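Each chain, letter by letter, is given below.
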Amino acid sequence: PLRTMEEVEMCVSELFVLLNREMDLYRYSAGFPEFSVRVVQRLRKFAKDTRNARWRAYAKGCIDMAERFSKAAVLGRSKLTEIAPKDVKRLEILKPIQTPSMGARWNAAVLKEKRLEVATRPAQKRSAEQQPKKQKQRKKAKKQRKQQPTGVENPEALAEEDQVQMGIDWSDEE
């Protein structure tokens, strides 16, 4: 369950991103108008019922996009004189020649979303593999210093008495 408004906001925003991507992928399909009818109906109901202005704007944007793509698909289907839409075997029969394929458009959309996600992500500490070489070298040198012996080769030397004579005046006065 979503506990905070921020979590709900993130989920709804991601839902609209995915919905836009899906509509963009199937926009050149001969069956897009039928595909989008139910989606548009639900989005209209959602836009009417929601109080959140941002979500309403997202929904209206998706509705407008779906209607534009539907009109283009209906216009493209009317130009198909040899085949009826139900007999079409190719998924993207309405795609212009110079337009990238569905897979290429999907990859481009995912890369674009990743770039936007990275750009909007707050700055974080670098991981160990991303740290510059100098920092890695400093850490390595520090570890080596810690692992070096303390300089006491003879542990019994600490137990021996000093050879300092008592009564020596160490003050600066002479």
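Shown above is the structure to which this text applies.
Below is a short write-up of the structure. (Residues numbered from 1 in each chain as written. Predicted model: local features only at pLDDT ≥ 70, side-chain atom pairs only at ≥ 80, totals over all residues. Heavy atoms only, no water.)

1. Some remarks on the overall build of the chain
What counts is decided by this rule: Here a strand is any run of E in DSSP of at least two residues, a helix any run of H or I of at least four, and the numbering for each starts at the N terminus. Partly exposed describes any residue whose relative accessible area lies between the buried limit of under 20% and the exposed limit of over 50%, with all areas from a 1.4 Å probe on protein chains only and scaled to the type maximum. Working rule for contacts: check all heavy atoms of both residues, and any pair within 4.5 Å makes them a contact. Note on areas: these come from Shrake-Rupley sampling with a 1.4 Å probe, and a residue is covered only by the protein chains present in the view.
Broken down by element type, the chain carries five helices and zero strands. Its helices and strands in sequence order give the chain the pattern α-α-α-α-α, from N to C terminus. For the chain, the proportion of its 174 residues judged to be buried stands at 22%. A sequence separation of at least 24 residues applies to 62% of the contacts in the chain between residues at least 6 apart. A total of about 15,000 Å² of accessible surface is found on the chain, and carbon and sulfur atoms cover 54% of it.

2. Points about the nonpolar core
Operational definition: What is meant by a nonpolar core is a set of buried Ala, Val, Leu, Ile, Met, Phe, Trp, Tyr and Cys residues, joined one to another through side-chain atoms within 4.5 Å.
Formed by 20 residues in total, the largest nonpolar core has its most connected members in Phe16, Leu19, Met23 and Leu43. Counting residues per element, the ones that place at least two in this core are helix 1 (5–25), helix 2 (32–49) and helix 3 (53–78). The leading source of residues in this core is helix 3, at eight residues. Leave out the neighbours within four places in its chain, and Leu43 touches Phe16, Leu19, Met23, Ala59, Cys62 and Ile63.

3. What to know about the environment of Tyr26
Tracing the sequence through the fold places Tyr26 in the loop between helix 1 and helix 2. For the pair formed by Tyr26 and Phe69, sequence separation is 43 residues and the distance between their alpha carbons is 9.1 Å. If sequence neighbours within four positions are ignored, Tyr26 has contacts with Phe32, Phe35, Leu91 and Met102.

4. Focus on the pattern of salt bridges
Filter applied, for reference: The salt bridge criterion pairs a side-chain nitrogen of Lys or Arg with a carboxyl oxygen of Asp or Glu, the two atoms within 4 Å.
Evaluation of the coordinates by the stated rule reveals six salt bridges. In this structure, Arg27 and Asp24 form a salt bridge, with 3.3 Å as the shortest nitrogen-oxygen distance. Among the residues examined, Arg27 registers a relative accessible area of 27% and is labelled partly exposed. Note that Lys45 is salt-bridged to Asp49, the shortest N-O span being 3.1 Å. Here Lys45 pairs with Asp49, and both are found in helix 2, just four residues apart, close to one helical turn. Judged by relative accessible area, which is 52%, Asp49 ranks as exposed.

5. Re the packing of aromatic side chains
In plain terms, the rule: Two rings belonging to Phe, Tyr or Trp (six-membered ring only in the last case) form a pair when the distance between their centres is within 6.5 Å. Interplanar angles under 30 degrees mark stacking, angles over 60 mark edge-to-face geometry, and anything in between is tilted.
Summed over the entire model, instances satisfying the criterion amount to six aromatic pairs. One aromatic cluster is present, formed by Phe16, Phe46, Trp55 and Tyr58 through successive ring pairs.

6. Notes on the packing of helix 1 against helix 4 (residues 102–120)
The geometry of a pair of packed helices is captured by two quantities: the angle between their axes and the separation between those axes. Under the convention used in this document: Convention adopted: a line fitted to C-alpha atoms gives each axis, helices being fitted over their contacting stretch, and angles between N-to-C directions are expressed from 0 to 180 degrees. An angle below 35 degrees is read as roughly parallel, one above 145 as roughly antiparallel, one from 65 to 115 as roughly perpendicular, and any other as oblique. Should the near helix be turned anticlockwise from the far one by less than a right angle, the crossing is termed left-handed; should it be turned clockwise, right-handed. Three classes are used: nonpolar for Ala, Val, Leu, Ile, Met, Phe, Trp, Tyr, Cys and Pro, charged for Asp, Glu, Lys and Arg, and polar for all others, with Gly counted as polar.
Between helix 1 and helix 4, the least distance of the axes is 10 Å, while the angle of their chain directions is 155°. It follows that helix 1 is roughly antiparallel to helix 4 by the angle criterion. Crossing handedness for the pair helix 1 and helix 4: right-handed. Each of Val17, Arg21, Asp24 and Leu25 in helix 1 lies in contact with helix 4, whose residues at this interface are Met102, Arg105, Trp106, Ala109, Val110 and Glu113. The class makeup of the residues in the contact of helix 1 with helix 4 is six nonpolar, no polar and four charged.

Note that every value here comes from positions in space, so none of it alone points to a role or purpose.
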